[in-house]
Amino acid sequence: MNKGNKGDSFIKGTMILAAAGILIKIMGAFFRIPLGNMIGSVGMGYYQTAYPLYALFLTLATAGFPTAVAKLVSEKVAIGDERGAYNVFKVSHIILFLTGVVMFILLFFGSTFIATNIQNNPNAVYTMRAIAPALLVVPSMSVYRGYYQGKKQMSKIAISQMVEQAFRVVLGLTLAYVLMKSFGAVYGSAGAIAGATIGSIASMLFLLIVYIKDSKERNELIAASEHFEEESFRTILSNLLWVAIPISIGAAVMPFVNMVDTAIVINRLMVAGFTRTMGNSLLGQMSGMAMAIVNLPMVLTTAMGMSLVPSISQSYALHDMVSARKDAYTALKITILLVLPCAFGLAALSGPIMNLLYPKEGHTLAVLLFTLSPGAVFLGMLYSMNGILQGMGKPFVPVFALICGIVAKIVLSYTLTAIPSINILGSAIGTVASYMIAAAIELSYIMKHMKLKVNISDFLIKPVFTVVVMYVCVKLGYMGVSQIINPKLATLVSIIIGGISYLLVLLSVGGISKVEMLSMPKGEKIYKGLKKLKLVRY
């Protein structure tokens, strides 16, 4: 395999998924922001009670299979065994369809018991039932995405994601508006979450059409690989489970803890003197509003992680450690350069951003965003490092790291949230601490077992210096601009100031090397343009 092409494929795949992800997040903002204003923090509390639970059931239904499919398919493709790749897809599809049916039955018919006796939020039962049918579709859909991920056909995944989000936004908001107006927040939140169910159906139909369209080419490739020994159903399932089980455990931990955290937060806030309604509202502010903003930059690192799995897997299948280290190093550096400015920018403009997006909510929302902003760095790193570790065939490491982080989260949330002066910020602090601990464990493992050496200046000193300068520019920029124009418009202008200042300082200190710049799509044109403008010194 050509190493240069492999590297280009990794970066190209990341950029395709990142571009789609940005568009999806923009559409998501047109969903979350008006939804928050439409159904209020009470409705968002019901929404956030149901969605993490659905995420937990979905994780149990898929059992880490999508990533396992991507890994095994990429390994088969690397050695030319297209028939083996197809068999992995076929076995996975049968298993996940059946698990999806089981999870749908459990969630739909068990929603009353869960909402009343476990979640301590009985009004969320209708929202749970509205999202349950998605479990009949999404597990099968994830197999198709895993198959195309393993074949590095990221554009098909990207389009399916955009189709899903478009239906979710349009129909979710429409149903939320109609039901909120007629029946209130309980049914308004159910209408909003029903959009996700409809979106998953639309995405599945798209993937089916693409799969049927590709059948001729796929059959030719399968026929050309008949000399490979065909594995039995049992062998394929065993290989899938070996990869999928630890991934599933790791993926299930966070939704489970979010579900537990929901009960902890509301109960401990009541200990601190808040009513149940006030506790639900604060939970909606943190999970449904502030955390949603912190998660926005993750679209980039999610794309990175998805591209890393097949890339690192193929390198390991071919025993090409040079390419594996190169991809891992590039991914980690790019991740740092992306998430650091996002975190510092959110901290610098926490108040203005929340006033812009949620003007009806109080000052607590701004404090929550400021407190959660460091989590963007560690969470972003986790997405990329999980992709590296899964590609290495070490899926148990993220499980261990996440469990360690979650223990800290539960302890901190339980202890701090009950203190009246800290209240909901206790849960936010616990969240940041959990991401930090997990990221430290994963980074240590990768550096040791891949024998990866990093340049402290490139990975820490230059990026931190750059974002500190950017932070100052943003703060001063907002202070000055808000005196001249409307504060909401000043927020947007300040974000632009932050982006420009970050790029200029990063280039001036040599934060991106010439080799790294040239490795990007259209990198030579970008480099020549920056050189002509005298924005690079090398």
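See above for the structure.
Reading the values: rules and limits
- Residues numbered from 1 in each chain as written.
- Predicted model: local features only at pLDDT ≥ 70, side-chain atom pairs only at ≥ 80, totals over all residues.
- Heavy atoms only, no water.
- Core = buried A, V, L, I, M, F, W, Y, C linked by side-chain atoms within 4.5 Å.
- Buried < 20%, exposed > 50% of the residue type's maximum accessible area, 1.4 Å probe, protein only.
- Helix = DSSP H or I, 4+ residues; strand = E, 2+ residues; numbered from the N terminus.
- Contact = heavy atoms within 4.5 Å.
- Axes fitted to C-alpha atoms, helices over the stretch in contact; angles between N-to-C directions.
- Parallel < 35°, antiparallel > 145°, perpendicular 65-115°, else oblique.
- Left-handed = near helix turned anticlockwise from the far one by under 90°.
- Nonpolar A, V, L, I, M, F, W, Y, C, P; charged D, E, K, R; others polar.
- Expected span 1.5 Å × (residues − 1).
- 1 Å grid on protein atoms, 1.4 Å probe; cavity = no way out; pocket = protein on both sides within 12 Å on 5 of 7 lines; lining within 4 Å.
- Points joined across faces, edges and corners; volume = space filled by probe spheres on them.

1. Observations regarding the nonpolar core
Side chains of a nonpolar character, in soluble globular proteins, are inclined to be buried together.
Here comes step 1: Counting residues in hydrophobic clusters, the biggest one holds 143 residues, and the most contacted among them are L35, L135, L240, L372, I388 and M450.
Here comes step 2: Broken down by element, this core gets its largest block of residues, 18 residues, from helix α1 (residues 3–62).
Here comes step 3: Ignoring anything within four residues of it in the chain, the contact list for L135 reads Y54, F57, L58, G100, V101, M103, F104 and L107.

2. Overview of the environment of L504
Here comes step 1: Along the chain, L504 turns up in helix α19 (residues 487–508).
Here comes step 2: Along the chain, L504 and V472 lie 32 residues apart, while their C-alpha atoms are 14 Å from each other.

3. Some remarks on the packing of helix α2 (residues 65–78) against helix α3 (residues 82–118)
Here comes step 1: Here α2 crosses α3 at 165°, and the two axes come no closer than 8 Å. Considering their axes alone, α2 and α3 lie roughly antiparallel with respect to each other. Pair α2 / α3 crosses with right-handed handedness. Along the contact surface, α2 presents F65, P66, V69, L72, V73, K76 and V77, while α3 presents E82, G84, A85, V88, S92, I95 and L96.
Here comes step 2: A class-by-class count of the residues in the contact of α2 with α3 yields 10 nonpolar, 2 polar and 2 charged.

4. Looking at unusual backbone geometry
Here comes step 1: A positive phi is found at K152, a non-glycine position, where the angle reads about 60°.
Here comes step 2: The residue K152 is located in the loop between α5 (138–150) and α6 (154–183) in this model.

5. Some points on helix α15 (residues 375–392)
Here comes step 1: For α15, which comprises 18 residues, the first-to-last C-alpha distance of 25 Å matches the rise-based estimate of 26 Å (1.5 Å per residue) to within 8%.
Here comes step 2: Counted residue by residue, α15 has 15 buried out of 18 residues, so it is predominantly covered.
Here comes step 3: Looking one or two places after α15, you find G393, whose phi comes out positive at around 80°.

6. Here we look at the layout of surface pockets
Here comes step 1: Estimated volume of the second largest pocket: approximately 440 Å³.
Here comes step 2: In terms of lining residues, the second largest pocket is bounded by 23 residues, among which I336, V377, M381, L443 and L460 are the most central.
Here comes step 3: Of all elements in the fold, only α12 (321–348), α15, α17 (425–449) and α18 (456–481) reach the threshold of two or more residues within the lining of the second largest pocket.
Here comes step 4: Take the lining of the second largest pocket: its biggest share by element is 7 residues, from α12.
Here comes step 5: Grouping the constituent residues of the lining of the second largest pocket by class yields 22 nonpolar, 1 polar and no charged.

7. What to know about empty space enclosed by the protein
Here comes step 1: Under the criterion given, the structure shown has 1 cavity of 30 Å³ or more.
Here comes step 2: What the largest cavity holds in volume is close to 30 Å³.
Here comes step 3: Taken together, D81, R83, G84, N87, F228, E229, E230 and E231 make up the lining of the largest cavity.
Here comes step 4: Across the lining of the largest cavity, the residue classes break down as 1 nonpolar, 2 polar and 5 charged.

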